[in-house]
Amino acid sequence: MPTKSQALFAKARRLMPGGVNSPVRAFRAVGGDPVFMASGKGALMTDVDGKSYIDYVLSWGPLIVGHAHPEVVEALTRAVETGTSFGACTPREVELAERIVEAYPSVERVRLVNSGTEATLSALRVARAATGRDKILKFEGCYHGHGDSLLVKAGSGVATLGLPDSPGVPRALAELTVTVPFNDPAALEEAFAAHHHDLAAAIVEPVVGNMGCVPPCSGFLEKLRALTQDQGTVLIFDEVMTGFRVAYGGAQQLYKIDPDMTTLGKIIGGGLPVGAYGGKARLMDLVAPAGPVYQAGTLSGNPLAVAAGLKTLEILRRPGIYQRLDSLTGKLADGLVTEAARVGVPLTVNRSGSMFTAFFTPDSVSDYASAKKADTAAYALFFRSLLESGVYFPPSQFEAAFVSTAHSEGDVAATLQAASIALSGLRP
Ligand SMILES: *Cc1c(COP(=O)(O)O)cnc(C)c1O
């Protein structure tokens, strides 16, 4: 008898490309059939066959307060009852913009959109309009959504599928994208010298999440800020994952960098579809109707997404939230390292606050090349053993894992116990 998940996946494969609405959900990188989810509550998800999992994917980051947080559910219920969309101005959009501007001093004005992809595409358009230049610079292994200009040496899903570029991206457009290794100041200097005063924008995940978690080396972001400043290149911090995650004020607060533009998403929608781009007034005032750069959205600033986002941010402003996330995730990360050492499995754990990745390699991981040295077959075995034990880790070596405020010390202890079994199975 196939499980309900297996039966659903068989049907889904006939109806949807690969059976999914986003590639990584298909479990291609770890093998086996994906699990279909029926419900979530706090740190737990339950699948359609009734098995529960401690969730470290958390919808790829948005659910920092866990699944179906009672206060978020209440805020959403009230929003639903008063109308789900108006295509007109609503008060809470202004409130969410205010919360973002308060938390990100580099953001003087902000525009809400429906996804992170939309946010980065729009930010690039503004940067190109502001500078009158076409070229952009990005870093190997960084993912900024699936827009044409940015699907060049992108990380995670694309790396996992082994597609360095996607077919369908016009060569002429890809040629405008300059790619440089992350954490390599010399390569960065070379790129800025080679494309002297030609780069409209440099876009970066200031703490990378999409080749797995890779924090910036000391001085790297400062060097990027200095070079972009010097050449009049718009510096875009893509904080779709790190915003309100690594700190309330994102990586720019943590590393004290003042980018020209910032993109957000994930957490600011509290689990509903949302994105945002913002930055200096001189740039954002180029956006229609204030200026000539066109960008619009039927459902942008959607009342449900804004209600869930506002409530999530309110919870995150309560005292001690980030300290607790940090210490709990620290315990988990340290526990994984200790357990791996005990059974003699080479493991390197990278972490920034409540995001982390356990790379199956003895060497430090500081860029895409070093991330790619990780043993993906070992990761796949680790993942499948954890899944069996009721722990849901990202179904790819190159995706970050997350901890929420709903996770308890008990969840971490249970996870480490499951990890101990999984790692013992990998003993060389
Ligand atoms: C998730 C992500 C995106 C894309 O956001 P979507 O909502 O999936 O379109 C862009 N940039 C970064 C850094 C992300 O993590």
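Definitions and limits used
- Residues numbered from 1 in each chain as written.
- Predicted model: local features only at pLDDT ≥ 70, side-chain atom pairs only at ≥ 80, totals over all residues.
- Heavy atoms only, no water.
- Near = heavy atom within 4 Å.
- Polar contact = N/O pair within 3.5 Å; in protein donor to acceptor, adjacent residues only side chain to side chain.
- Areas by Shrake-Rupley, 256 points an atom, 1.4 Å probe, with all protein chains shown as cover.
- Nonpolar A, V, L, I, M, F, W, Y, C, P; charged D, E, K, R; others polar.
- Axes fitted to C-alpha atoms, helices over the stretch in contact; angles between N-to-C directions.
- Helix = DSSP H or I, 4+ residues; strand = E, 2+ residues; numbered from the N terminus.
- Parallel < 35°, antiparallel > 145°, perpendicular 65-115°, else oblique.
- Left-handed = near helix turned anticlockwise from the far one by under 90°.
- Contact = heavy atoms within 4.5 Å.
- Expected span 1.5 Å × (residues − 1).
- Buried < 20%, exposed > 50% of the residue type's maximum accessible area, 1.4 Å probe, protein only.
- Arc of directions from axis to C-beta.
- Core = buried A, V, L, I, M, F, W, Y, C linked by side-chain atoms within 4.5 Å.
- Domains from an automatic or database assignment.
- pLDDT = per-residue confidence, 0-100.
- 1 Å grid on protein atoms, 1.4 Å probe; cavity = no way out; pocket = protein on both sides within 12 Å on 5 of 7 lines; lining within 4 Å.
- Points joined across faces, edges and corners; volume = space filled by probe spheres on them.

## With respect to the site of the ligand
And then number 1: Within the structure, the ligand sits among Ser115, Gly116, Thr117, Tyr143, His144, Gly145, Glu205, Asn210, Asp238, Val240, Met241 and Lys266.
And then number 2: The contact in question runs from an oxygen atom of the ligand to an N or O atom on the side chain of threonine 117, over 2.6 Å.
And then number 3: Here an oxygen atom of the ligand sits 3.1 Å away from a polar atom, N or O, in the side chain of asparagine 210.
And then number 4: Burial of the ligand by the protein amounts to 83% of the accessible area it has alone, namely 380 Å².
And then number 5: Taken together, the residues of the shell around the ligand sort by class into 3 nonpolar, 6 polar and 3 charged.

## Observations regarding the packing of helix α2 (residues 70–81) against helix α11 (residues 303–316)
And then number 1: Across the interface, α2 lies against α11 with an axial gap of 9 Å and an inter-helix angle of 150 degrees. Comparing their axes, α11 and α2 come out roughly antiparallel. Remark: the crossing between α2 and α11 carries right-handed chirality. Touching Glu71, Val72, Ala75, Leu76, Ala79 and Val80 of α2 are Pro303, Leu304, Ala307, Ala308, Lys311, Thr312, Glu314 and Ile315, all from α11.

## Let's talk about helix α3 (residues 91–103)
One full turn of an α-helix is made of 3.6 residues, so residues set three or four places apart face in the same direction.
And then number 1: If you check α3, its first and last C-alpha atoms are 19 Å apart, about what 13 residues at 1.5 Å a residue would give, namely 18 Å.
And then number 2: Those residues of α3 that fall on the buried side of the exposure criterion are Leu96, Ala97, Arg99, Ile100 and Ala103. Relative to the axis of α3, the buried residues are bounded by an arc of 160 degrees and lie together on one face. Residues of α3 that are exposed and angled more than 90 degrees away from the buried face: Pro91 and Val94.

## With respect to the nonpolar core
And then number 1: Tyr56, Phe244, Leu316, Leu336, Phe360, Phe382 and Phe393 are the most contacted members of the largest nonpolar core, which has 68 residues in total.
And then number 2: Counting only domains with at least three residues in this core, you end up with domain 1 (4–68 + 319–424) and domain 2 (70–316).
And then number 3: Non-local contacts of tyrosine 56, meaning those with residues more than four positions away in its chain, are made with Leu332, Val391, Tyr392, Phe393, Pro394, Ala401, Phe402, Val403, His407, Asp411, Val412 and Thr415.
And then number 4: In terms of nonpolar packing, the next biggest core, distinct from the first, is built from 29 residues, Leu137, Leu199, Phe237 and Ala374 among them.

## A word on the confidence of the model for the protein
And then number 1: Of the residues in the protein, 97% have a pLDDT of 70 or more, and the chain-wide mean is 95.
And then number 2: Ranking the elements of the protein by mean pLDDT puts helix α5 (residues 156–161) last, at 49, and strand β9 (residues 261–265) first, at 99.
And then number 3: Ignoring residues within four places in sequence, the model shows residues 159–164, a span with pLDDT below 50, making 13 contacts including any to other chains.

## Overview of the layout of surface pockets
And then number 1: There is about 640 Å³ of room inside the second largest pocket.
And then number 2: Where the lining of the second largest pocket is concerned, the elements lending two or more residues are α3 and β4 (109–113).
And then number 3: Take the lining of the second largest pocket: its biggest share by element is 4 residues, from β4.
And then number 4: Considered class by class, the residues forming the lining of the second largest pocket number 15 nonpolar, 9 polar and 4 charged.

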